[in-house]
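Structural overview
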Amino acid sequence: MSRTARRRKSATLLLGVAAWAVGLLFVAPAAWMVLTSLHAETDAATNPPSLFAPLTLDGYAEFFGASSGASPIPPLLNSAMASIISTLLVLALSIPAAYALSIRPVKKWSDVMFFFLSTKMLPVVAGLLPIYLIAKSTGLLDSVLLLVILYTSMNLPIAVWMMRSFLSEVPVEILEAAAIDGAGLLTIFRRIVIPVSGPGIAATALICFIFSWNELLFANVLTSTAAYTSPVFLTSFVTSQGLFLAKVCAAALAVSLPVLVAGFAAQDKLVQGLSLGAVK
């Protein structure tokens, strides 16, 4: 084996070790949360933490209301409805907008894109009071419909930016050939644009779903009993008296499961979509 080959092999080995180290660094907090959720509160609160303490499912029992009687099903359903419906609305609005800004660009499309981006520059808390007053005057406080409207408006700029990047990769020649063959705009959308940009649509949908599922500020302020979401329910385990670390870890893991399942299910599409928008 030549010296150059040995150097390349050593470099590959070092890169592999570094990749594993970075991967373990990212996985370690999640693994620690899982381990803590399986400990009793007294063991989870020890300093330094007890790694080999007896395992128990008491934290998960508390999440499902073993002692409090509070069921996590309503907030999980509220989060699911608000996240799924808002994601579908975002896709329905962002795909035509991205089409107009990429495949059939309008005049000064860059100014339009900057306008979309500028809507994310305002701190969320700065618009909280006007939104609260508008929701109160329209009777939308403590309703899933209000969360759907807010999540749609929050995720729409990001979705337009992402979908424009994905739709820019659609070959214009295919669209022109379809138009020459007599295909209308809806047919082009249904048979060409959406299938070709399917991975990008899946990536955009997953990111919007995660952002909606994890949102806490609006849900905490604008909902109370009927429409409170799973992140708000999760904060109820943090109390000023008693131990709560194991319960919080168990609840956090349970609340994160829908997002993890969606991420694993769309893993291939997500990688293809992000690659589609990044590689020219």
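Here the structure is a predicted model, which is why all the values come from computation and not from measurement.

As a further point, take helix α9 (residues 185–196). Helix length check: α9 (12 residues) gives 15 Å between terminal C-alpha atoms against 16 Å at 1.5 Å per residue, within 8%. Listed in full, the buried residues belonging to α9 are Ile188, Phe189, Ile192 and Val193. Along the axis of α9, the buried residues cluster in a sector spanning 130 degrees; they form a single face. Pointing more than 90 degrees away from the buried face of α9 are the exposed residues Leu186, Arg190 and Arg191. The secondary structure elements touched by the buried residues of α9 are α4 (73–102), α7 (144–167) and α8 (172–180).

With respect to the helices and strands, the residue Phe166 is situated in helix α7. By relative accessible area, which is 3% here, Phe166 ends up buried. Note: C-alpha distance between Phe166 and Thr4 (162 residues apart in sequence) is 40 Å.

In this structure, Phe63, Ala82, Leu150, Tyr151 and Phe237 are the most contacted members of the largest nonpolar core, which totals 25 residues. Every element with two or more residues in this core is listed here: α6 (128–138), α7, α10 (198–214), α11 (217–222), α12 (230–235) and α13 (245–265). Looking at this core, the element that brings in the most residues is α7, giving six residues. Listed in part, the 19 residues of the second largest apolar core include Ile103, Met162, Phe166 and Ala178.

What follows is about the packing of aromatic side chains. Inspection of every chain in the model, using the stated rule, returns six aromatic pairs. With 5.8 Å between their ring centres and 70 degrees between their planes, Phe63 and Phe233 make a pair best called edge-to-face. Highlighted residues: Phe63 in helix α3 (residues 58–63) and Phe233 in helix α12, separated in sequence by 170 residues. With relative accessibility at 7%, the residue Phe233 sits in the buried group. These aromatic residues form a ring-pair network of at least three members: Phe63, Phe64, Phe233 and Phe237.

This paragraph deals with the layout of surface pockets. Here the largest pocket defines a volume of roughly 330 Å³. Thr119, Leu122, Val124, Met154 and Phe218 are, among the 13 residues lining the largest pocket, the residues nearest its centre. Along the lines of polarity and charge, the residues of the lining of the largest pocket split into nine nonpolar, three polar and one charged. Here the second largest pocket is characterised by a volume of approximately 160 Å³. Of all the elements, α13 adds the most residues to the lining of the second largest pocket, at five residues. Considering only residue class, the lining of the second largest pocket consists of seven nonpolar, two polar and no charged.

Rules used in this analysis
Residues numbered from 1 in each chain as written. Predicted model: local features only at pLDDT ≥ 70, side-chain atom pairs only at ≥ 80, totals over all residues. Heavy atoms only, no water. Helix = DSSP H or I, 4+ residues; strand = E, 2+ residues; numbered from the N terminus. Expected span 1.5 Å × (residues − 1). Buried < 20%, exposed > 50% of the residue type's maximum accessible area, 1.4 Å probe, protein only. Arc of directions from axis to C-beta. Contact = heavy atoms within 4.5 Å. Core = buried A, V, L, I, M, F, W, Y, C linked by side-chain atoms within 4.5 Å. Phe/Tyr/Trp six-rings, centres within 6.5 Å; stacked < 30°, edge-to-face > 60°. 1 Å grid on protein atoms, 1.4 Å probe; cavity = no way out; pocket = protein on both sides within 12 Å on 5 of 7 lines; lining within 4 Å. Points joined across faces, edges and corners; volume = space filled by probe spheres on them. Nonpolar A, V, L, I, M, F, W, Y, C, P; charged D, E, K, R; others polar.

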